Each structure stands twice: as structure tokens, then as C-alpha cells.
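# Working through the structure, step by step
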Amino acid sequence: TNGSAPAVPSDQYDSLYLSPVTVGSSTLHLDFDTGSSDLWVFSSLQAQSSLVGHDYYMVDPAKEKQGYTWKISYGDGSGASGKVYADKVVVGGVTATAQAVEAATAVSAQFTQDVDTDGLLGLAMSTLNTVKPQQQKTFFDTVLKQLAQPLFAVDLKYHAAGSYDFGFIDKSKYTGAINYVNADTSKGWWGVSATAYSIGNASTSATVSGILDTGTTLLYVDTPIVKAYYAKVKGSKMDNTQGGYVFPCSATLPDFSLTIGGVKQIVPGKHINYSPTSAGNCFGGIQTNDGIGFSILGDIFLKSKYVIHEMGSTPRIGFAQQ
Ligand SMILES: O=C(NNC1=NCCC1)c1ccc(Br)cc1
């Protein structure tokens, strides 16, 4: 069975995208995350005070995987932990009858205060799953064999609802050709590399290795590239108080692209104005990766494309223009 679920921006800036998922008998709104591999949910195991505003999973003790625990921390310092249940999970009509559902007992403040997010659904490789004593499969891995094709496609949109397709490629969601490259899954993520970047009409040869990450809001690249980009934005500056590069909201932002598989994957300048700040300027959608040595191609990069994640004998990633 194939299926499709909507991906709805949680706020006016596209901070994250939420998709409805039936977990047991509840419908929760989860952040599908190609940068991690745990399916975890707010749950009845938590203190009531932590559940205010959230939908949550009502655990059934009969479904507990006794002795199993999980604990995850994300690149932005947020995290959660808890116990594990085996229950029915349905995404856009695709059913996993005994999916490992990671029920939270504790969740960091970033998640508790975001009342729209009821948990995450990881779509990276199952080798990154944090469940002990036995690592569990992602939803995608659990349903893989029932899909017509071993793939999911990501269609995030700028300030609009997009979708996640499972098992099929929707020709109505893109134009032109799909450009495929092999994925580097050796670190558990959907890894790609670029041979050049461009700012406006100027192209520079460079090796830019990165991971596709729907769970990260912005586009994080090496510091020299970030500096070169904002050098083209009048009035921009690095503002440590705001935590990154900011600029006058009236600024014209150049397009940015990464050349992947010989094809320029363009991020429109408009998408790089992420949000206004409390200080009266605007916060950039391109920021530094703080020298971690690779880039994080988050939502700012993804929201102009239809991106196919194919787990064939050789994992591949396909890029097409929305
Ligand atoms: O945690 C990561 N992605 N997902 C999410 N972020 C925040 C909530 C979910 C992440 C993954 C790899 C690298 Br490198 C940096 C960050």
C-alpha cells in the first residue's frame, strides 16, 4: 500500500512542518525528521503539566516492550526519553501493525513549549535509532516491503502545506527531470555532496558535503560560504545576540545554489529571509555550521524541491524542481 500525508507549517515562518499520524487510537501531529531515526510521542506516562496543549499517546501496558528504553538528543540541544510500546501506526493510509512507538516520560522544554508538536517520526537510517537493549526500525523501514517502490518523497513548501509520499513518485508535484545521485548512508543519514555553490550569478567550485534534514529549519554551511553570501546583502551582519546573520528586512537576497550531480539546486533568495527578529531586522535562512565539517540541508534548502529518498540496493536521492 502506498500513501501520502500532508506537511503543514507549524507557524508563519515554516519553523517546522507537522503531519497527522494515527498512533494506537490517537491522531497526533508529528515532525517528520530525515535527520533522526526514532518515532517518539508525548504520552500518558508524562506529568499532566507537561501535556498541556499537546495531543498524546495513551499507553496500553499490555503493549509495552518491557525493559526497553530510549533517549535522544538533537543537534539543537533538544531531547526526550522514555519507554517503548509496540502499536499500530498509520501514515496516509500506510499501516505498520507493530511499530516501535517510543512513549516519552521526559521531554525538553523546547518541545514542551511547542504545543503544536506531539513528537517526531524519524526517517533516517534505523542504525541511528536509540532504543535499548535492541535497536528498533523506523516507520519507513517497517513498511518498506509493502510499498510499491522502496522510497519516500519530500515535498515541503514555502509558507504552504506540502506532503510526504510513501511508495510512489507523484508526477503532479514537480516539473522537469528528476536528477538522481547516490546517497552516502554510512553515517546513518541521507548524505549528499555538491561540487560547487553559487551566490547570485557567481559560481565557486568547492566540495560541500551535507545531510538532508527535514527536522532542521535552516540551511547550515561552512563559515566561508556564509560570509561570502552575506557580503552580497547590504546591511547584513553577524549578530551573536540573535545567534546568527541578520539583515534589514527590505534587503534583496541573492539566490543560493549547490551543484549536486552536475545540476544546480537553487534556493530562491526569497526563501533565505527566514523571519523578523525582536530587534527589528530579519534573520537569515543560511547560517554557519560552526565548523562541524559538513552541511545540514534543512527546510530552507528543501522547500523549493521534490526530493525522493530511495532505499534500493544502492540508496539514491532524487532532486526535482517543484
Ligand atoms: O537533530 C537533527 N535533526 N533533527 C532535528 N533537529 C531538531 C529536532 C529534530 C540533526 C541531525 C544531524 C545534524 Br549534523 C544536526 C542536527
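In this report, we go over the structure that sits alongside the text. (Residues numbered from 1 in each chain as written. Predicted model: local features only at pLDDT ≥ 70, side-chain atom pairs only at ≥ 80, totals over all residues. Heavy atoms only, no water.)

## Here's the deal with the overall build of the chain
Defined as follows: Helix and strand assignments come from DSSP, with helices taken as H or I runs of at least 4 residues and strands as E runs of at least 2, each series counted from the N terminus. C-alpha atoms define the radius of gyration in this analysis, and the globule rule sets the expected value at 2.2 Å times the number of residues to the power 0.38. Throughout this description, buried means an accessible area under 20% of the type-specific maximum (1.4 Å probe, protein chains only), exposed means over 50%, and partly exposed covers the range between.
Each helix and strand in the chain was counted, giving 5 helices and 24 strands. Computed over C-alpha atoms, the radius of gyration of the chain comes to 19 Å, within 12% of the 20 Å expected from 2.2 N^0.38 for 322 residues, which places it in the range of a compact globule. Burial status across the chain gives 54% buried among its 322 residues.

## Details of the sheet that holds strand β20 (residues 282–284)
Rule in force here: The pairing criterion is simple: DSSP has to find at least two bridges between the two strands. In this description, a line fitted to the C-alpha atoms serves as the axis of each element, helices being fitted only across the stretch in contact, and the angle between N-to-C directions of two axes falls anywhere from 0 to 180 degrees.
Read across the open sheet, the 4 strands follow the order β15-β16-β20-β19; overall the sheet is antiparallel. Of all the strands in the sheet, the pair left with one neighbour each is β15 (237–239) and β19 (273–276). Put simply, the sheet's adjacent strands are angled 45° from each other on average, direction ignored.

## Details of the pairing of strand β7 (residues 94–107)
Each regular strand displays side chains that alternate between the two surfaces of the sheet. Across 2 bridges, the pairing between strand β4 (residues 39–41) and β7 is parallel. Looking at the pairing, V41 lines up with A103 of β7. What sits between strand β6 (residues 79–91) and β7 in their antiparallel hairpin is a turn of 2 residues, with G92 showing a positive phi close to 55°.

## Here's the deal with the site of the ligand
Worth spelling out the cut-off: Here, proximity means that at least one heavy atom of the residue falls within 4 Å of the molecule or strand. Here a polar contact is recorded for every N or O atom pair within 3.5 Å, except that within protein the pair must consist of a potential hydrogen donor and a potential acceptor, and residues adjacent in sequence are included only if both atoms are side-chain atoms. Exposure was quantified through the Shrake-Rupley algorithm and a 1.4 Å probe, taking into account, for residues, occlusion by the shown protein chains and nothing else.
Contacts to the ligand come from 13 residues, most closely from D33, G75, D213, G215 and F294. D213 places a polar side-chain atom, nitrogen or oxygen, 2.7 Å from a nitrogen atom of the ligand. For the ligand, the accessible surface in isolation is 420 Å², of which the surrounding protein chains cover 89%.

## Digging into the sheet that holds strand β13 (residues 202–212)
Put simply, the rule reads: Should any heavy atoms of two residues lie within 4.5 Å, those residues are counted as being in contact.
Read across the open sheet, the 7 strands follow the order β18-β17-β12-β13-β22-β14-β21; overall the sheet is mixed. Of all the strands in the sheet, just β18 (263–267) and β21 (286–288) have a single pairing partner and so form its edges. Taking each pair of neighbouring strands and ignoring which way they run, the sheet shows an average axis angle of 40°. On top of the sheet, helix α4 (residues 223–230) reaches β12 (191–199), β13, β14 (219–221), β17 (256–260) and β21; it is set at about 140° to β21, its chief contact.

## Re the state of the cysteines
Put simply, the rule is: In plain terms, two cysteine sulfur atoms within 2.5 Å form what is called a disulfide here.
Summed over the entire model, instances satisfying the criterion amount to 1 disulfide. Covalent S-S linkage joins C249 and C282, the inter-sulfur distance amounting to 2.1 Å. One disulfide, between C249 and C282, carries an S-S torsion of 105° and so falls in the right-handed class. Of this pair, C249 sits in the loop between β16 (244–247) and β17 while C282 sits in strand β20, placing them 33 residues apart in sequence. Residue classification places C282 among the buried residues on the basis of a relative accessible area of 4%.

## Section: the nonpolar core
Side chains of a nonpolar character, in soluble globular proteins, are inclined to be buried together. Cut-off, in case you're wondering: Put simply, a nonpolar core is a bunch of buried Ala, Val, Leu, Ile, Met, Phe, Trp, Tyr and Cys residues held in one set by side-chain atoms that sit within 4.5 Å of each other.
By size, the foremost hydrophobic cluster in this structure holds 69 residues, and its most contacted members are F139, F166, L212, F256 and F301. Once residues lying within four places of it in the same chain are set aside, the contact partners of F139 are L39, V89, V91, V94, A96, Q99, L121 and F166. With 15 residues, the next largest nonpolar core counts I72, A100, V107 and L120 among its residues.

## A few points about the environment of K227
Take K227: it is sitting in helix α4. Measuring from C-alpha to C-alpha, the distance between K227 and K237 comes to 9.4 Å, with 10 residues separating the pair along the chain.

## A closer look at α4
Stated formally: Directions from the helix axis toward the C-beta atoms define the arc.
Every buried residue of α4 is accounted for by I225, V226, Y229 and Y230. The arc that holds the buried residues of α4, viewed along the axis, is 125°, so those residues lie on one side. Exposed positions of α4 whose direction lies more than 90 degrees from the buried face are P224 and K227.

## A word on the packing of aromatic side chains
The condition is simple: Any pair of Phe, Tyr and Trp rings, taking the six-membered ring for Trp, is counted once the centres come within 6.5 Å. Such a pair is stacked with planes under 30 degrees apart, edge-to-face with planes over 60 apart, and tilted for the rest. The criterion for a charge sitting over a ring is simple: Lys NZ or Arg CZ within 6 Å of the ring centre, and within 35 degrees of the ring normal.
All told, the structure shown has 20 aromatic pairs when counted by the stated rule. Their ring planes at 40° and their centres at 5.8 Å tell us that W40 and F42 sit as a pair that is tilted. The class of W40 is buried, set by a relative accessible area of 0%. Classification of F42 by relative accessible area gives buried; the value is 0%. Here the aromatic rings of Y230 and Y245 are separated by 4.7 Å at their centres, their planes lie at 5°, and the arrangement is stacked. Here the residue Y230 occupies a position in helix α4, and Y245 occupies one in strand β16, the gap between them amounting to 15 residues. The class for Y245 is buried, based on a relative accessible area of 11%. Among the aromatic residues, those joined into a cluster by ring pairs are F32, F139, F140, F152, Y164, F166 and W190. The ring of Y68 carries K65 above its face, with NZ or CZ at 5.0 Å from the centroid. Across the ring face of Y180, the terminal group of R316 is positioned such that the distance to the ring centre comes to 3.8 Å.

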